[in-house]
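Residue-level structural notes
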Protein chains: 2
Amino acid sequence: MTPIVGVIGGGQLARMMIPAAVNLGIELRVLAETAGSPAQLAATAVGDYRDLDTVLAFAEGVDVVTFDHEHVPQEILTALVAGGAVVRPGPQALVFAQDKILMRQRLSELGLPVPDWARVRHADDLQRFLDAHGGRAVLKTARGGYDGKGVRIVSAVREAEDWLAGTAELLVEELVEFQRELAQLVARRPAGEIAAWPVVESIQRAGVCAEVIAPAPISAGKLADVASDIAHTIAEQLDVTGVLAVELFETTDERLLINELAMRPHNTGHWSIDGSTTGQFEQHLRAVLDLPLGATGCRDRWSVMVNVLGGPIGDTLASRYPLVLEHQPTVKVHNYAKKSRAGRKVGHVTAGGDDLDQVVWQARSAADALTAVEDTSELGLENLGRENLNGEELADD
Amino acid sequence: MTPIVGVIGGGQLARMMIPAAVNLGIELRVLAETAGSPAQLAATAVGDYRDLDTVLAFAEGVDVVTFDHEHVPQEILTALVAGGAVVRPGPQALVFAQDKILMRQRLSELGLPVPDWARVRHADDLQRFLDAHGGRAVLKTARGGYDGKGVRIVSAVREAEDWLAGTAELLVEELVEFQRELAQLVARRPAGEIAAWPVVESIQRAGVCAEVIAPAPISAGKLADVASDIAHTIAEQLDVTGVLAVELFETTDERLLINELAMRPHNTGHWSIDGSTTGQFEQHLRAVLDLPLGATGCRDRWSVMVNVLGGPIGDTLASRYPLVLEHQPTVKVHNYAKKSRAGRKVGHVTAGGDDLDQVVWQARSAADALTAVEDTSELGLENLGRENLNGEELADD
């Protein structure tokens, strides 16, 4: 029997599952939000993932349901499971990627390293936290944020008045002093097997993942082991199946603190498509089908992934191929076939090799040429300084 | 604008263009022979490639027409071109991959090394050739052969009586004394750029490509240069665009003789998907779109590709994944989603690494387990001896 995987969401993550599914002879069915989605080729349904009937009908006949994003409401997920669908990751795991308060509570209970945090119900809660943390902190909505949305640096209660008056649940976190951000990706299958990729460094700009270096240039291997242990613990204790991404702060005093979780392929794992023996999209499919996981070693000494953001020039990436492909014949280009809008993730490139400086240059050069932006200030992409990079969401992919 | 490539033929070669097209954001449209073809995901039409109206309608709106196989009749191809379609490779090149008599004539004119050969119109032609070549030779139909079909070893005219009485044009070739078979793949774009992969060794069984070792284990680099020069000459002189595969005999006296040509991705290039910086399917798409070609270096010291043939057990390859993927976590599996029939190519696996013996073992082990054949003699796959490996056709892919 051909395995059939249903993916809720038709974005670039679902799109990038297509090559892996074609290679392995897996039938991929995508429930896309709109016609003309990045995953259109595999879309078998277009509809609202918040509509139970739509989702139940989609799940009919698939071996397992998985996700392009974590926005499917819990009541839909639990109804799916109650209806007999195999859902991976399951609702009881996914909730921790959906709700930052539940996530912080659970990770704290497990004794895992997280920033100081508190739930914010009233202005008083926020004021108390600010007073105890030097007068500045990161305020977040518990649900629905991504790519810097739903996150705000505040130094006074009045800066949060609109959110406090709203209905969204809020939490506040310390402004972590970090030297850089890391990401540890693992995959776990229901049988319990876990495979970890090397920990990577991720460079964020304006709340969006901009570059990833794999493996993270770490002189000592100690932090790499810590990162892997953290991800293993989370995957097991939260019963995650599929790919789990753990975003980490490496603090100035060389500790790791958990920033965010994602339970699906993640922007910080895109390098693995070309840079690892098993890419994250193949591994995710294997994991959710409870198949043995693939080897996760690096194919090159260094891999560097650079996101391509839509620029003010509205034509397609492909119109820049003649230039880009000629100058960077070793770089692998991934084009999400999305309409270009300023700042929108429309693709990525990956370069690999022995010399990190050279690899970084190749990837940036290709991404810059694809972006076709003369002046990045038009996009608000200038580095906004550490304080603004602190409380970032996981990028939407 | 999104580039649109139309592929005539819905076999595994068209299927394996899908991942490359998805990565590069190229729209792929396939004209498949039947519903449920290996390339079904990209099939936008089902119809007969020998029907002019079907092919003209399919070609409408695509930027370039290319091929999964070389069986489209010349009159269809020339009508396509006359109708304004961009066809790559063009009819004037493709004819040399369609007709072995024209191919042998043209290569001989170019002074390229080919086996002794002659056109056979009458029994006398064959008898004369047999007399001059030790009483045995390879008789071929000029058109339509593949995977050992349309090829016969003969030592007497009576063994060819049915073919001589038929309408097919015939040629006869010397039975080459070869030590092994090599394949040189290159890609050429209309602008003239050519990129060559390393020459590979191909091991054939019963007329079908069984294994490929990349690069070919050649102690001296001399033959590799000769192979590359031959392929460059053919690509330029025959005005080939897209991937060109040149199958070669390495004779016992260390010359290279050209066996067959294919003008499309080829079974002997499947290793490049996982083993080269640019796989042959991506390169073919780049070439036919006249985009700059990608780097063709090896990602591993050795890559070994082993075909998976359908076995007597009729279930799907995927049913063997739990075993195969667990034991060979580094091997890349490619499943063509074809119904399994004994001896039919239903997939391939590729392994890579530093130690050739280890890599060969990994790939064979995975392929054997996927094939699920206890006794290969059931498939007639035992090595039939050199004489039967001589006059083989290019594998259908």
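Residues numbered from 1 in each chain as written. Chains lettered and ligands numbered in written order. Predicted model: local features only at pLDDT ≥ 70, side-chain atom pairs only at ≥ 80, totals over all residues.

A look at the overall build of chain A
Applied cut-off: Only DSSP runs of H or I with at least four residues qualify as helices, and only runs of E with at least two residues qualify as strands; both kinds are numbered from the N terminus onward. Radius of gyration means the value over C-alpha atoms here, while the globule rule gives 2.2 Å times the residue count to the 0.38 power. The exposure label follows from counting other C-beta atoms within 10 Å of a residue's C-beta, where the C-beta atoms are placed from the backbone and the thresholds are 20 or more for buried and 12 or fewer for exposed, leaving partly exposed in between. Distance between backbone-placed C-beta atoms decides contact: two residues are in contact if it is within 7 Å.
When helices and strands are tallied, chain A shows 13 helices and 17 strands. Over its C-alpha trace chain A gives a radius of gyration of 20 Å, about what one expects of a compact globule, namely 21 Å for 397 residues. Principal-axis analysis of the C-alpha atoms gives chain A an extent of 55 × 50 × 40 Å. The burial tally for chain A puts 55% of its 397 residues in the buried class. Across chain A, the fraction of contacts at a sequence separation of at least 24, relative to all contacts at a separation of at least 6, is 66%.

A word on the domain arrangement of chain A
Residue and element names in this part refer to chain A. Operational definition: How far each domain reaches was decided by an automatic or database domain assignment. Ten residues, namely Ala, Val, Leu, Ile, Met, Phe, Trp, Tyr, Cys and Pro, are considered nonpolar, four, namely Asp, Glu, Lys and Arg, are considered charged, and the remaining ones, Gly among them, are considered polar.
The domains assigned to chain A are domain 1 (4–87), domain 2 (116–174) and domain 3 (178–389). One C-alpha centre belongs to domain 1, the other to domain 3, and the line joining them spans 23 Å. Counting residues at the interface gives 17 residues for domain 1 and 17 residues for domain 3. Going through the elements one at a time, α1 (12–24) and β4 (64–67) are the ones with two or more residues in the side of domain 1 that touches domain 3. Considered class by class, the residues forming the side of domain 1 that touches domain 3 number 11 nonpolar, two polar and four charged.

Some thoughts on helix α2 (residues 52–59) of chain B
Residue and element names in this part refer to chain B. Note the following rule: Directions from the helix axis toward the C-beta atoms define the arc.
When we look at burial in α2, the residues that qualify are V55, F58 and A59. For α2, the angular spread of the buried residues around the axis is 95 degrees, confining them to a single face. Of the surrounding elements, those touching the buried residues of α2 are β1 (4–8), β2 (27–32), β3 (43–46), β4 (64–67) and α3 (74–82).

Notes on the interface of chain A and chain B
Between chain A and chain B, the contact holds 32 residues from the first and 33 residues from the second. Among the residues making up the side of chain A that touches chain B, the classes are represented as 19 nonpolar, nine polar and four charged.

Topic: the sheet that holds strand β6 (residues 137–141) of chain B
Residue and element names in this part refer to chain B. Note the cut-off: DSSP bridges decide pairing: two strands pair if at least two such bridges lie between them. Under this scheme, a helix contributes an axis fitted over its contacting stretch, all axes are lines through C-alpha atoms, and angles between N-to-C directions fall in the 0 to 180 degree range.
Pairing within the open sheet is antiparallel, and its four strands lie in the order β5-β8-β6-β7. Where the open sheet ends on each side, the last strands, each with one partner, are β5 (117–120) and β7 (151–154). Neighbour to neighbour, the strand axes of the sheet diverge by 25 degrees on average, direction disregarded. Each of β5, β6 and β8 (170–174) touches helix α5 (residues 100–109); the most contacted strand, β8, lies at about 50 degrees to it.

Overview of the pairing of strand β16 (residues 332–335) of chain B
Residue and element names in this part refer to chain B. The alternating pattern of β16 places K332 and H334 and V333 and N335 on opposite faces, both of which are buried. Pairing between β16 and strand β17 (residues 345–353): four bridges, direction antiparallel. In the sheet register, N335 faces β17, and the bridge partner there is G347.

A look at the relation of the copies chain A and chain B
Quick note on the threshold: To line up the copies, we fit them by least squares on C-alpha atoms, keeping just the residues with pLDDT of at least 70 in both.
When chain A is fitted onto chain B, the two copies agree to an RMSD of 0.0 Å after a turn of 180 degrees and an axial shift of 0.0 Å. With respect to symmetry, the two chain copies, as superposed, fit the operation of a two-fold axis. Within chain A, A:P19 has its C-alpha nearest the rotation axis, a separation of 2.1 Å. Counting the interface residues of chain A, we find that 100% of their copies in chain B are interface residues as well, pointing to one common contact surface.

Details of helix α5 (residues 100–109) of chain A
Residue and element names in this part refer to chain A. Along α5, the positions that sit buried rather than exposed are K100, M103, R104 and L107. The arc that holds the buried residues of α5, viewed along the axis, is 95 degrees, so those residues lie on one side. On its buried face, α5 sits against α4 (91–98), β5 (117–120), β6 (137–141), β8 (170–174) and β14 (256–262). Count one or two residues on from α5 and you reach G111, which has phi positive near 75 degrees.

Here's the deal with the sheet that holds β4(B)
All names here are of chain B. Across the sheet, four strands lie side by side as β3-β2-β1-β4; this open sheet has parallel pairing. Two strands lie at the open edges of the sheet, namely β3 and β4, each paired on one side alone. For this sheet the average axis-to-axis angle between neighbouring strands, irrespective of direction, equals 25 degrees. Bridge count for β2 against β3 is three bridges, and the pairing is parallel. Bridge pairing in β3 places L31 opposite A45. Packing of helix α1 (residues 12–24) onto the sheet brings it into contact with β1 and β2, and relative to β2 it is tilted by some 170 degrees.

Side note on the packing of α1(B) against helix α10 (residues 280–288) of chain B
Residue and element names in this part refer to chain B. Convention followed: Left-handed is the label given to a crossing in which the near helix is rotated counterclockwise from the far helix by less than a right angle, and right-handed is the label when the rotation is clockwise.
At their nearest, the axes of α1 and α10 sit 8 Å apart, and the two run at 65 degrees to each other. Here α1 runs over α10; the crossing is right-handed. For the pair formed by α1 and α10, the contact residues are M16, M17, A20, A21 and L24 on the first element and F281, E282, H284 and L285 on the second. Split by residue class, the contact of α1 with α10 holds seven nonpolar, one polar and one charged.

Describing the confidence of the model for chain A
Residue and element names in this part refer to chain A. This is how it is decided: Values of pLDDT, ranging from 0 to 100, describe the predictor's confidence in every residue of the model.
When the pLDDT values of chain A are averaged, the result is 91; 91% of them are 70 or greater. Counting interchain partners and residues more than four positions distant, the pLDDT-below-50 stretch residues 375–395 has 52 contacts. Per the prediction output, this complex has pTM 0.93; the corresponding ipTM is 0.92.

Here we look at unusual backbone geometry
Residue and element names in this part refer to chain A. The omega torsion of the bond from R88 to P89 falls at -5 degrees, within 30 degrees of zero and hence cis. Note on placement: P89 falls in the loop between α3 (74–82) and α4. For the bond from A214 to P215, the omega torsion is -10 degrees, close enough to zero to count as cis. Summarising the element assignment, P215 is placed in the loop between β12 (208–214) and α8 (222–237). Phi is positive for D290, which is not a glycine, with a value near 55 degrees.

Quick word on the environment of B:A14
Relative to the assigned elements, B:A14 resides in helix α1. It is 8.7 Å that separates the C-alpha atoms of B:A14 and B:F281, two residues lying 267 residues apart in sequence.

Looking at the packing of α1(A) against α1(B)
We apply this condition: Every angle not falling under 35 degrees, over 145, or within 65 to 115 is termed oblique; those three ranges are roughly parallel, roughly antiparallel and roughly perpendicular.
Put simply, α1(A) and α1(B) touch, their axes get as near as 9 Å, and they point 160 degrees apart. Between α1(A) and α1(B), the crossing angle belongs to the class labelled roughly antiparallel. Handedness of the crossing formed by α1(A) with α1(B): left-handed. For the pair α1(A) and α1(B), the contacting residues are A:R15, A:I18, A:P19, A:V22 and A:N23 in the first and B:R15, B:I18, B:P19, B:V22 and B:N23 in the second. Its residues placed into classes, the contact of α1(A) with α1(B) shows six nonpolar, two polar and two charged.

Regarding the pairing of strand β9 (residues 178–188) of chain B
All names here are of chain B. The element β9 is largely enclosed, with a buried count of nine among its 11 residues. Here β9 runs beside strand β13 (residues 242–251); their pairing, made up of 10 bridges, is antiparallel. Each bridged residue has a counterpart across the sheet, and for Q184 the counterpart in β13 is V246. Pairing of β9 with strand β11 (residues 200–205), which is carried by three bridges, proceeds in the antiparallel orientation.

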